[in-house]
Amino acid sequence: MASAAAAPPTPAKLPRIVAASLIGTTIEWYDFFLYGSAAALVFNKLFFPGSDPLVGTLLSFLTYAVGFAARPIGALVFGHYGDRLGRKKLLVVSLLMMGVATFAIGLLPTHATVGSAAPVLLTLLRLVQGFALGGEWGGAVLLVSEHGDKRHRGFWASWPQTGAPAGQLLATGVLSLLTWLLSDSAFGSWGWRVPFLLSGVLVMIGLWIRLSVDESPVFKAALAQAEARRAAEAAAQSERQASRTGTGAVAERLPLVGVVREHWRDVLVAMGARMAENIGYYVITAFILVYATTSAGVSKQTALNSVLIGSAVHFAVIPAWGALSDRIGRKPVYLFGAAGVGAWIVPFFALTDTGSFGALVLAVTVALVLHGAMYAPQAAFFAEMFGTRMRYSGASMGAQFASVAAGAPAPLIATALLDAYGSSTPVSVYVIAAAVLTLIAVGVAKETRHRDLEDVTAGADHERTPAPAADTGAPRTRSV
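Residues numbered from 1 in each chain as written. Predicted model: local features only at pLDDT ≥ 70, side-chain atom pairs only at ≥ 80, totals over all residues. Heavy atoms only, no water.

**Q** Explain the side chain of Arg-274 to me, using residue names and the numbers behind them.
**A** When you line up the elements, Arg-274 lands in helix 13 (residues 264-294). By relative accessible area, Arg-274 is classed as buried at 3%. Apart from the residues within four sequence positions on either side, Arg-274 is in contact with Arg-71, Ile-279, Tyr-334, Gln-378, Phe-382, Gly-398, Ala-399, Gln-400, Ala-402, Ser-403, Ala-406 and Thr-438. (Helix = DSSP H or I, 4+ residues; strand = E, 2+ residues; numbered from the N terminus. Buried < 20%, exposed > 50% of the residue type's maximum accessible area, 1.4 Å probe, protein only. Contact = heavy atoms within 4.5 Å.)

Here it is in structure tokens:
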């Protein structure tokens, strides 16, 4: 039924949908990563002065981690309304929230001006950023996944994933340009504000593009089917319960309730799958700015440039990994990436310790290429685990709940380990342990490549519990 209602987009329409998702995720990740880079480079001095350099960095990364804590809340709220109202509306809201918060950070007074109020205001705006990003990812990847066909879903759905390296590339590029053009005093005085204020312009561009696309046809078909079923159930039940007050309509289960009751295993698999991907990424791109400048004697400019080059390669390889997942499956590509990041982390730090720019570029680039093997198929992999009317909630919960345990504390833990042991070895063990967790989680998951998102019951639960032949239709409401 859903298949008939959800006509595939025309060849000219799908790239526009991909562009709308990509520009939005790029801006959101630009805003998010900009904060992380600034936390490593200047926020420790501007908002937490008077501390030991590494202690100041820890405090700075603590406000960085607060944004991750808000992401699961954003996932729950945006997932709930995204599954009930549609993907497009919530994506517009998330983009606006992120843009306003980032622009406001660029206007914040520092500790020297308002004292302890400065880090408090910084933390509040970081919470808004995290809340917005928690709702952005699920909607962006679903808008593309639900417009495309299953033969190339991994490729098309990987394009919103390139928003992360594109945002990292843009944030790092702007910071790198400013640190090259400005003296340290000028950058610390006012130069750091420029990238945050630039977000306002980017958001306007993103909104213009995002408002021009249509809602997911798969979601619209599932919504119409659910409404028709509810009307039929209400009419049938009102006849049987004429003596009761009200219409007797059967209330549609909340998306969150459906996810918890029917897809909790898939949520756990998604969380486990993100351990190596999330921890590895923030060690490679955020912690490395601290490690390279404090332990390896590398200049701030050199460290930023290495991440800049690595992010450009990362952007290029993600669609290729996504296309490969369409050919051989999501699991093999994901498992290769997890194993690769775990195996590369020791050479990664060994190359960084040389202090050579070429070695540092090689270390970061290879690490991000391997990370891409996890990140590229992740969008399609997570989307294919859940039914249409709980897909936004389920995919967002799995992705963002993991961020609290993985991405949020990763720079904090890595910096604390470096401070306590003065060596990269404990950090390497930390990343390897995360890789093992991901290998286990993805290893026990089912392959999802052939699932059809146009079937509103698609997902793991559909495979586990077939509907009885003589059914009234109520159980199918639970799996929608």
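**Q** Which residues make up the packing of helix 4 (residues 87-105) against helix 6 (residues 117-145), and what values do they have?
**A** As a packed pair, helix 4 and helix 6 sit with axes 8 Å apart at the nearest point and diverge in direction by 150°. By the angle between their axes, helix 4 is roughly antiparallel relative to helix 6. For the element pair helix 4 and helix 6, the recorded crossing hand is left-handed. Seen from helix 4, the contacting residues are Arg-87, Leu-91, Ser-94, Met-97, Met-98, Ala-101, Thr-102, Ala-104 and Ile-105; seen from helix 6, they are Leu-122, Leu-125, Val-128, Gln-129, Phe-131, Ala-132, Leu-133, Glu-136, Gly-139, Ala-140, Leu-142 and Leu-143. Residue composition of the contact of helix 4 with helix 6, grouped by class: 15 nonpolar, four polar and two charged. (Axes fitted to C-alpha atoms, helices over the stretch in contact; angles between N-to-C directions. Parallel < 35°, antiparallel > 145°, perpendicular 65-115°, else oblique. Left-handed = near helix turned anticlockwise from the far one by under 90°. Nonpolar A, V, L, I, M, F, W, Y, C, P; charged D, E, K, R; others polar.)

**Q** Give me the lowdown on the packing of helix 13 against helix 19 (residues 425-444), citing residues and values where you can.
**A** The interhelical angle for the contact between helix 13 and helix 19, taken along N-to-C directions, is 150°, at an axis separation of 7 Å. Regarding the angle of helix 13 to helix 19, the classification is roughly antiparallel. By crossing handedness, the relation of helix 13 to helix 19 is classed as left-handed. Across the interface between the two elements, Val-269, Gly-272, Ala-273, Arg-274, Met-275, Ala-276, Ile-279, Val-283 and Phe-287 from helix 13 touch Val-427, Tyr-430, Val-431, Ala-434, Ala-435, Leu-437, Thr-438, Ala-441 and Val-442 from helix 19.

**Q** Give a detailed account of a nonpolar patch on the surface, specifying residues and quantitative values.
**A** Together, Ile-73, Leu-76, Val-77, Tyr-81 and Leu-85 make up an exposed nonpolar region whose accessible area comes to about 420 Å². Its location among the elements puts Leu-85 in helix 3 (residues 53-85). Given the relative accessible area of 45%, Leu-85 is considered partly exposed. (Patch = residues over 30% accessible without salt bridge, like charges linked within 9 Å, V, L, I, M, F, W, Y side chains within 5 Å. Areas by Shrake-Rupley, 256 points an atom, 1.4 Å probe, with all protein chains shown as cover. Salt bridge = Lys/Arg side-chain N within 4 Å of Asp/Glu carboxyl O.)

**Q** Give a description of the nonpolar core that names residues and reports values.
**A** Grouped together as the largest cluster of nonpolar side chains are 129 residues, with contacts concentrated most on Phe-43, Phe-47, Trp-192, Phe-348 and Phe-382. Tallying contributions element by element places helix 2 (residues 13-46) first for this core, with 17 residues. Ignoring sequence-local partners within four residues, the contact set of Phe-382 consists of Trp-137, Ala-270, Ala-273, Arg-274, Tyr-334, Ala-395 and Ala-399. (Core = buried A, V, L, I, M, F, W, Y, C linked by side-chain atoms within 4.5 Å.)

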